[in-house]
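# Structure at a glance
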Amino acid sequence: MATDSISFHLEASDQVIGYDTLALSHPGFPQVYYMVRNANPSLTATLETGETVTFNRVPTELEWKGERDDLDVSLDIRLGDVGEIAAAEIESLRLAGLLLAKPTLTYRSFRSDDLSAPMDGPISLQVSTPNVTAEGATFTAEVQRLNTSGSGQRFTTARFVMMKAFQ
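Rules of the game
- Residues numbered from 1 in each chain as written.
- Predicted model: local features only at pLDDT ≥ 70, side-chain atom pairs only at ≥ 80, totals over all residues.
- Heavy atoms only, no water.
- Helix = DSSP H or I, 4+ residues; strand = E, 2+ residues; numbered from the N terminus.
- Polar contact = N/O pair within 3.5 Å; in protein donor to acceptor, adjacent residues only side chain to side chain.
- Contact = heavy atoms within 4.5 Å.
- Buried < 20%, exposed > 50% of the residue type's maximum accessible area, 1.4 Å probe, protein only.
- Arc of directions from axis to C-beta.
- Salt bridge = Lys/Arg side-chain N within 4 Å of Asp/Glu carboxyl O.
- Pairing = 2+ DSSP bridges.

By secondary structure assignment, the location of D20 is in strand β1 (residues 18–25). Polar contacts involving the side chain of D20 include one to the side chain of R37, which spans 2.9 Å. Apart from residues no more than four positions distant in its own chain, D20 is found in contact with M35, V36, R37, N38, L62, Y107, R108 and S109.

This is the structure we're talking about:
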């Protein structure tokens, strides 16, 4: 997939467009919301699984923090859905008591001349800080932390003398 992205940026003609798509899902949502940032009014493309889906246009601003192939990547998103999608779904999750599970956001990009598979992605992120406003929703999506633990203990050379060799 990375070679598709490289060839797009280095070799594609001016008529070829890169489409940024998002899939927002949660166990409490009645459906997966497929959104495209820069196609009007919608985009039908084939996912890496072979499933064909339609991405509906939602005015969106995306800002990547870090490299996309890094484990510390995050994505700041501003959806201009004017309260139609995010506000209604977050309210229904709150009423159902399902706010503990975080929504999942999947990013993919497609080439306008080849919609048979993503040229970049899927990048699966976890929505960490949703904020609903009258204009839409803003949130940050980050890589899910699967291998984190904390004991609350401080590791100092006074407690662990063997660590002095690493100073």
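This paragraph deals with helix α2 (residues 86–96). The complete set of buried residues in α2 reads A86, E89 and L93. An end-on view of α2 places all buried positions within 75° of arc, on one side of the element. Packing partners of the buried residues in α2 comprise β2 (33–36), β9 (131–132) and β10 (137–142). G97 sits one or two positions beyond α2 and adopts a positive phi of about 70°.

Taken as a whole, this structure holds seven salt bridges when the rule is applied. Among the salt bridges present, the one from E63 reaches K65, with a minimum N-O distance of 3.1 Å. Of the residues examined, E63 reaches a relative accessible area of 34% and is grouped as partly exposed. Assessed through its relative accessible area of 35%, K65 is described here as partly exposed.

Note that strand β3 (residues 42–46) and strand β4 (residues 52–57) share five bridges and pair antiparallel. Considered in β4, the bridge of S42 is made with N56. Where β3 folds back onto β4 in an antiparallel hairpin, the turn is made up of five residues, including G50, whose phi is positive at roughly 95°.

Okay, the environment of T138 next. Positionally, T138 belongs in strand β10. Since its relative accessible area comes to 29%, T138 is described here as partly exposed. Ignoring any residue separated from it by four or fewer positions in sequence, one finds T138 in contact with I77, R78, T129, P130 and N131.

Shape is all these values report; function is a separate question.
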